[in-house]
2 protein chains.
Amino acid sequence: MGKFERGWGDMTAVADNGVNVQALLDAREVLKGAPDAAKFTWRASSKWQGGVHTTITVKDYFGLGQEQSHKAESVFEADHPEVFAAEDNGITPIEYLLVGLASCLSAGVASVAQNRGIQLRSVEAVVEGAHDIRGILGADSDVRNGYNNIKVTFHVDADASKEDIEALVAQSQKRSAVFDALTNPTDVTVEVA
Amino acid sequence: MGKFERGWGDMTAVADNGVNVQALLDAREVLKGAPDAAKFTWRASSKWQGGVHTTITVKDYFGLGQEQSHKAESVFEADHPEVFAAEDNGITPIEYLLVGLASCLSAGVASVAQNRGIQLRSVEAVVEGAHDIRGILGADSDVRNGYNNIKVTFHVDADASKEDIEALVAQSQKRSAVFDALTNPTDVTVEVA
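Here we summarise the structure given alongside this text. (Residues numbered from 1 in each chain as written. Chains lettered and ligands numbered in written order. Predicted model: local features only at pLDDT ≥ 70, side-chain atom pairs only at ≥ 80, totals over all residues. Heavy atoms only, no water.)

**Quick word on the relation of the copies chain A and chain B**
Once chain A has been moved 0.0 Å along the axis and rotated by 180 degrees, it coincides with chain B to within an RMSD of 0.0 Å. Taken together, the turn and the small shift mark the pair as related by a two-fold rotation axis. Both copies share a contact surface, since 100% of the interface residues of chain A are interface residues in chain B too. (Least-squares fit on C-alpha atoms with pLDDT ≥ 70 in both. Contact = heavy atoms within 4.5 Å.)

Rendered as structure tokens:
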């Protein structure tokens, strides 16, 4: 194949980012008429291991009107670092929020790129959460317990202009479950059985 | 050792939940006078793997005025489940929020129990997040992208009354970084490098 043909092939290539956008568009239409099926319940179960070390498992969830299950059970460790006089058997609970945010926005970038016919080559992100620990320690009642702010920096290599890439990232934010959960309040009820 | 002595021993036993509360109380006093040292930055780095599958690593963070590092690098996989036409190579990004919430509240229960001299035997929690996926699919603009609500149910076995256990869990919420991050809004900035 000569240079010209390769060039032509590139121009007409259909982007393939591995996202089945048609299935998602079909699901959107189906769920418009079946709102109960769209009601999911995600679950995590935790077991205290001593100190501030906890093991958390995720396997089952409810959705599309019935119990569902991930292909495999996932097990996570959470602890505090040694600078908090703990054993650092896993990442700190609040770091799990950054894990969720990075992956949610990245999945969104891939999905939107697929829908817009933009071929991605790499998508990397660094998420940084500023946290004044005087809040959780009770050292200053004016300092909140959670993050003061979070910054996400994307590095995207794609067959697209900087403007188009910025538009992808902006649309991903607009549809991101985790971005919404962190930027807006959610009602959390805590009970003892 | 006779019955009486065992009984006396139990009554005067110091609770040991493995939490170094004295170190935390000392840190609180030190950080009151050194607010810059209390400014932490937690970080996560992500790399897109194709489709909506992302790998996230957590290792370094900033705190106490300098770069710090967890004892080990932690690597996480996030994906969407097969019912979303994806490969289910890991839990869904939004599920990571439940992992963080369960572990943060459990660490808080252990710390508060230690401070109050209550011996814990087991602490388990189930966290459930109600999520109407019509939001993220763009099927109904009145439906939010994130959780509609989250419910945490604790099962605590401890040398304490139900009332005291409920008070432990309530105090844990009050000091929880993740509980605050989910129940109150945080400013999240997303940029393309």
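Still more ground to cover, so stick around.
**Overview of the layout of surface pockets**
The method is simple in principle: a probe with the dimensions of a water molecule rolls over the atoms, and the space it marks as empty is what remains. In this structure, the largest pocket spans a volume of roughly 920 Å³. Along its surface, the largest pocket is lined by 46 residues, and Leu24(A), Ser111(A), His80(B), Ile136(B) and Leu137(B) are the ones closest to its centre. Mapped by element, the contributors of at least two residues to the lining of the largest pocket are α2 (21-32), β1 (39-48), α3 (95-116) and α5 (162-174) of chain A together with α4 (134-137) of chain B. Broken down by element, the residue count for the lining of the largest pocket peaks at eight residues, all from α2(A). For the lining of the largest pocket, the residue count by class is 25 nonpolar, 16 polar and five charged. Every residue lining the second largest pocket is counted, 25 residues in all, and those nearest its centre are Ile136(A), Leu137(A), Leu24(B), Ser111(B) and Arg175(B). Contributions of two or more residues to the lining of the second largest pocket are made by α4 (134-137) of chain A together with α2 (21-32), α3 (95-116) and α5 (162-174) of chain B. Taken together, the residues of the lining of the second largest pocket sort by class into 13 nonpolar, 10 polar and two charged. (1 Å grid on protein atoms, 1.4 Å probe; cavity = no way out; pocket = protein on both sides within 12 Å on 5 of 7 lines; lining within 4 Å. Points joined across faces, edges and corners; volume = space filled by probe spheres on them. Helix = DSSP H or I, 4+ residues; strand = E, 2+ residues; numbered from the N terminus. Nonpolar A, V, L, I, M, F, W, Y, C, P; charged D, E, K, R; others polar.)

**Observations regarding unusual backbone geometry**
All names here are of chain B. For Leu-64, which is not a glycine, the phi torsion comes out positive at approximately 55 degrees. By the secondary structure assignment, Leu-64 is in the loop between β2 (54-63) and β3 (66-78). Leu-64 sits in the partly exposed class, given a relative accessible area of 37%. For Asp-88, which is not glycine, the phi torsion reads 55 degrees and is therefore positive. Counting through the fold element by element, Asp-88 comes out in the loop between β3 and α3. (Buried < 20%, exposed > 50% of the residue type's maximum accessible area, 1.4 Å probe, protein only.)

**Some remarks on the pairing of strand β4 (residues 120-132) of chain A**
Looking at chain direction, β4(A) and strand β5 (residues 149-158) of chain A are connected through 10 bridges and run antiparallel. Of the residues in β5(A), the one forming a bridge with Leu120(A) is Ala158(A). Two elements, β4(A) and strand β1 (residues 39-48) of chain B, share nine bridges in a ladder whose sense is antiparallel. Paired with Val126(A) across the bridge in β1(B) is Ser45(B). (Pairing = 2+ DSSP bridges.)

**Comments concerning the interface of chain A and chain B**
Tallying the contact residues gives 122 residues for chain A and 122 residues for chain B. Around 10700 Å² of area is buried between chain A and chain B when both sides are counted, 62% of it from carbon and sulfur atoms. Sorting the residues of chain A by area buried against chain B places Trp42(A), Trp48(A) and Val192(A) first, and these three jointly supply 8% of that buried surface. Where chain A packs against chain B, one counts six salt bridges. Salt-bridge contacts for Arg43(B) lead to Glu128(A); the nearest nitrogen and oxygen are separated by 3.2 Å. (Buried area = accessible area lost by both parts, 1.4 Å probe. Salt bridge = Lys/Arg side-chain N within 4 Å of Asp/Glu carboxyl O.)

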